[in-house]
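# Chain and residue survey
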Amino acid sequence: GGISAGRRASDAAGDGPRATGRRASDNEGSGATGGYGGGAGGNAPAGPAPEGGGEDTFQVMRQLLAGRRQLLGKLGSERERERESNEPTQIVSTADVQSALGNLQARAASPVMDKGTPVMRNVGHLKQDMMAMLRQSTPGQAAPALAEEDGDAIDLVGMLYDSILKDVKPNSPAAALLSKLQVPLLRVALQDKGFFTKQEHPARMMLNTIAETGVHW
C-alpha cells in the first residue's frame with residue numbers, strides 16, 4: 001500500500017490507532033487538485049465531498065499536536081517556560097514566513113554537525129534558521145512568533161518527514177532528494193492545507209512516490 005502523508009502526520013501527532021487516521025484521510029482523498037507539481041489529479045472528476053471536510057481533518061491534526069505539545073511542556077523546565085512567557089513577541093505574517101523560506105530555498109543547503117558527524121538538515125533546523133532570519137527583520141526588541149496555524153503546519157511537516165525517513169535508506173539518493181524538497185514542501189503546506197488532507201494533492205503524491213522508492217533505492 002502507498003505511504004499516506006496525512007495518515008503519517010496524524011499518527012505522528014497522536015497515539016490513536018492507525019486505522020482512524022486512515023479513515024479520516026481516505027474520506028478527504030476524493031477531491032481533484034491542481035497547481036503545485038503539475039497536473040497530477042487535475043483531470044480526475046471531483047466527487048461530492050462534505051463541506052469543510054478537509055479543514056476539519058487539518059484541525060483534528062492540530063488538536064493532536066496541541067495535546068502532544070502540552071505533554072512536552074509539562075516535562076520542560078519551569079525556568080525556561082517563565083523566560084519564554086516574559087519575552088515580548090510579535091506575530092509574523094504568513095507572507096513574511098513565505099519570504100523567509102524563499103530566501104532559505106535560494107541558499108545552498110549545508111549539513112549540520114551532530115556529535116562531530118555531518119548530517120542533513122531537518123525541518124527543525126530549517127525552522128531555527130527561518131526564525132533567526134525573521135528576528136533580523138522584526139522591529140524593536142520583540143522576538144518573532146509564528147501564528148498558531150503556521151507553526152502547526154510546519155511542525156506537522158517535520159513530524160511527517162521524521163516518520164517517512166525512518167523507512168528510507170540513510171545517505172541514499174532518495175534521502176538526499178527528500179532533504180532538498182523540505183523547504184518547497186513547507187511552502188506548499190503553509191499555502192494549501194489540502195497537502196495534509198487530500199490523497200491526490202500533487203505535492204503529497206510526489207512525496208509518497210519518493211518515499212516509497214526510497215525504501216529500496
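Residues numbered from 1 in each chain as written. Predicted model: local features only at pLDDT ≥ 70, side-chain atom pairs only at ≥ 80, totals over all residues. Heavy atoms only, no water.

## Some words on the overall build of the chain
Secondary structure assignment for the chain yields 11 helices and four strands. Considering the chain as a whole, with its 217 residues, one finds that 39% of them fall into the buried category. Looking at the chain alone, contacts between residues at least 24 apart form 73% of all its contacts between residues at least 6 apart. Total accessible area on the chain is roughly 12100 Å²; 52% of this is exposed by carbon and sulfur atoms. (Helix = DSSP H or I, 4+ residues; strand = E, 2+ residues; numbered from the N terminus. Buried < 20%, exposed > 50% of the residue type's maximum accessible area, 1.4 Å probe, protein only. Contact = heavy atoms within 4.5 Å. Areas by Shrake-Rupley, 256 points an atom, 1.4 Å probe, with all protein chains shown as cover.)

## Looking at the nonpolar core
Formed by 39 residues in total, the largest nonpolar core has its most connected members in Val97, Met130, Phe195 and Phe196. Of all the elements in the fold, those that place two or more residues in this core are helix H3 (53-75), helix H5 (94-106), helix H6 (123-137), helix H7 (148-165), helix H8 (173-180), helix H9 (182-191), helix H10 (194-197) and helix H11 (202-214). A total of eight residues in this core trace back to one element, the largest contributor, which is H7. When neighbours within four sequence positions are excluded, Phe195 is seen to be in contact with Val157, Leu160, Leu185, Val188, Ala189, His201, Ala203, Arg204 and Leu207. (Core = buried A, V, L, I, M, F, W, Y, C linked by side-chain atoms within 4.5 Å.)

## With respect to the packing of aromatic side chains
Inspection of every chain in the model, using the stated rule, returns two aromatic pairs. Aromatic side chains Phe58 and Phe196 sit 5.5 Å apart centroid to centroid with 20 degrees between the ring planes, which places their arrangement in the stacked category. Placement of Phe58 in helix H3 and of Phe196 in helix H10 is noted, with a sequence separation of 138 residues between them. A single burial state applies to Phe58 and to Phe196, both of which are buried. With 5.3 Å between their ring centres and 75 degrees between their planes, Phe195 and Phe196 make a pair best called edge-to-face. An aromatic cluster is built from Phe58, Phe195 and Phe196, whose rings are joined through pairwise contacts. (Phe/Tyr/Trp six-rings, centres within 6.5 Å; stacked < 30°, edge-to-face > 60°.)

## With respect to unusual backbone geometry
The backbone of Asn171 shows a phi angle near 60 degrees, a positive value even though the residue is not glycine. Relative to the helices and strands, Asn171 is located in the loop between H7 and H8. Judged by its relative accessible area of 75%, Asn171 is exposed.

## Digging into the pattern of salt bridges
A full pass over the atoms with the stated rule returns six salt bridges. Two residues, Asp129 and Arg121, come together in a salt bridge whose shortest N-O distance is 2.8 Å. We classify Arg121 as partly exposed; its relative accessible area is 22%. One salt bridge connects Lys127 with Asp155, and the closest N-O pair in it is separated by 3.0 Å. With Lys127 in helix H6 and Asp155 in helix H7, this pair connects stretches of sequence that are 28 residues apart. One continuous salt-bridge network, built from bridges that share partners, spans Arg62, Glu148, Glu149, Asp152 and Lys193. (Salt bridge = Lys/Arg side-chain N within 4 Å of Asp/Glu carboxyl O.)

## A word on the confidence of the model for the chain
Here the chain averages 75 in pLDDT, while 68% of its residues score no lower than 70. Scored below 50 in pLDDT, residues 14-52 makes 55 contacts in the model with residues more than four places away or belonging to other chains. (pLDDT = per-residue confidence, 0-100.)

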